[in-house]
Amino acid sequence: MLIIGPPGSGKGTQAERISERLGVVAISTGDIFRAHVKGGTPLGVEATRYMDAGDFVPDSVTNEMVRNRLSQDDAGNGFVLDGYPRTVAQVDYLDAILAAGEQELGVVLQLTADDAELVSRLLGRARETGRSDDNESVIRHRLDLYHQQTEAVVARYAGRGILAQVDGIGGIDDVTDRVLACIGNVLGAPVDGR
Ligand code: B4P
C-alpha cells in the first residue's frame, strides 16, 4: 500500500503503525534520503541541496533508489510505501516496477489536514529535532509543491478506485483507528485495532 499526504500530515507516524499491524515493512523515501545524507554518500550529497530547499529530489535519482529498495527480500510480501510517488512521472515508474514483479497496489491511503495545522506541527517538530527543512518558508514551499504536483497523483489513484481518504486531524491513536478501519473497508476484511 501507499501512504500519501502533505508534509506534516502524519505519513511517517502512521506508516510505522500500519506496518506493524499488517506485518509488512514500512519504506519512507524521506528516511532513506536522510540516512544517505547522514552517511555522506554521493546520493546524500546530491539529495541534501534539494531537501534543504524543500524541493523534490529529481525523479531520476528517486525512482532508481525506490526500485532498488523494493527489490530487497523484505519487500517481497508487501510494503507500506511512505512519501512515494509524489509526481505523476513517479506513478508511471512505480506502475512499471510493480508490473515487472507481478505485484499490485491494494490500497492508497491519503491523509488530509489543513495547511495551518500542518505548519504548526512541523514548526513543533523543528523545535524538537531541528530538521533542516522544517523552517516556515521551506515548509510553505513543500506545501505548495504538494498542492501543485502530488494532488495530481492522488487523482490518478482515485480514478483507479483504490483511494482511501482519512482525516489526519486528531490524536495519533484516533487517526490510527480511522486508518485501520479504512484499510479494512478497502480490503474487505477487518484489520485489528489497538
Ligand atoms: P518526508 O520525510 O516524506 O517528509 P514529510 O513530508 O515532512 O513527512 P514526514 O513523514 O516526515 O512527517 P509526518 O507527516 O509523519 O520528505 C522529506 C523530503 O524528502 C521532501 O521534502 C523531499 O525533498 C524528499 N523526498 C521524499 N520523498 C520524495 C519523492 N518521492 N520524490 C522526491 N523527493 C522526495 O509528521 C510530521 C509531524 O507531525 C511529526 O512531528 C509528527 O509527530 C506530527 N504528527 C503526526 N501525526 C500527528 C497528529 N495526529 N497530531 C499531531 N501531530 C502529529
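As a reminder, the structure under discussion sits directly above these lines.
In short, a report on the structure. (Residues numbered from 1 in each chain as written. Predicted model: local features only at pLDDT ≥ 70, side-chain atom pairs only at ≥ 80, totals over all residues. Heavy atoms only, no water.)

### Focus on the environment of V57
Step number 1: The topology assignment puts V57 in the loop between α3 (42-53) and α4 (59-70).
Step number 2: We classify V57 as buried; its relative accessible area is 7%.
Step number 3: In sequence terms V57 and A99 are 42 residues apart; their C-alpha atoms lie 24 Å from each other.
Step number 4: Not counting chain neighbours up to four residues away, the residues in contact with V57 comprise F33, A47, Y50, M51 and T62. (Helix = DSSP H or I, 4+ residues; strand = E, 2+ residues; numbered from the N terminus. Buried < 20%, exposed > 50% of the residue type's maximum accessible area, 1.4 Å probe, protein only. Contact = heavy atoms within 4.5 Å.)

### Concerning the pairing of strand β5 (residues 163-167)
Step number 1: In β5, alternate side chains face the same way, and those of A164 and V166 are buried while those of L163, Q165 and D167 on the opposite face are not.
Step number 2: In terms of strand pairing, strand β4 (residues 108-112) meets β5 through five bridges, oriented parallel. Residue pairing across strands places Q110 opposite Q165, the latter belonging to β5. (Pairing = 2+ DSSP bridges.)

### Concerning the site of the ligand
Step number 1: Around the ligand, the surrounding shell holds 31 residues, and the nearest of these are G10, T29, D55, R86 and R142.
Step number 2: R34 places a side-chain nitrogen or oxygen 2.8 Å from an oxygen atom of the ligand.
Step number 3: Here G83 contributes a backbone N or O atom positioned 2.9 Å from a nitrogen atom of the ligand.
Step number 4: The protein chains hide 89% of the 1000 Å² of surface that the ligand would expose on its own.
Step number 5: Mapped by element, the contributors of at least two residues to the shell around the ligand are α1 (11-22), α2 (29-39), α6 (115-129) and α8 (172-187).
Step number 6: At four residues, the largest contribution of residues to the shell around the ligand is made by α2. (Near = heavy atom within 4 Å. Polar contact = N/O pair within 3.5 Å; in protein donor to acceptor, adjacent residues only side chain to side chain. Areas by Shrake-Rupley, 256 points an atom, 1.4 Å probe, with all protein chains shown as cover.)

On their own, these measurements won't tell you what the molecule is for.
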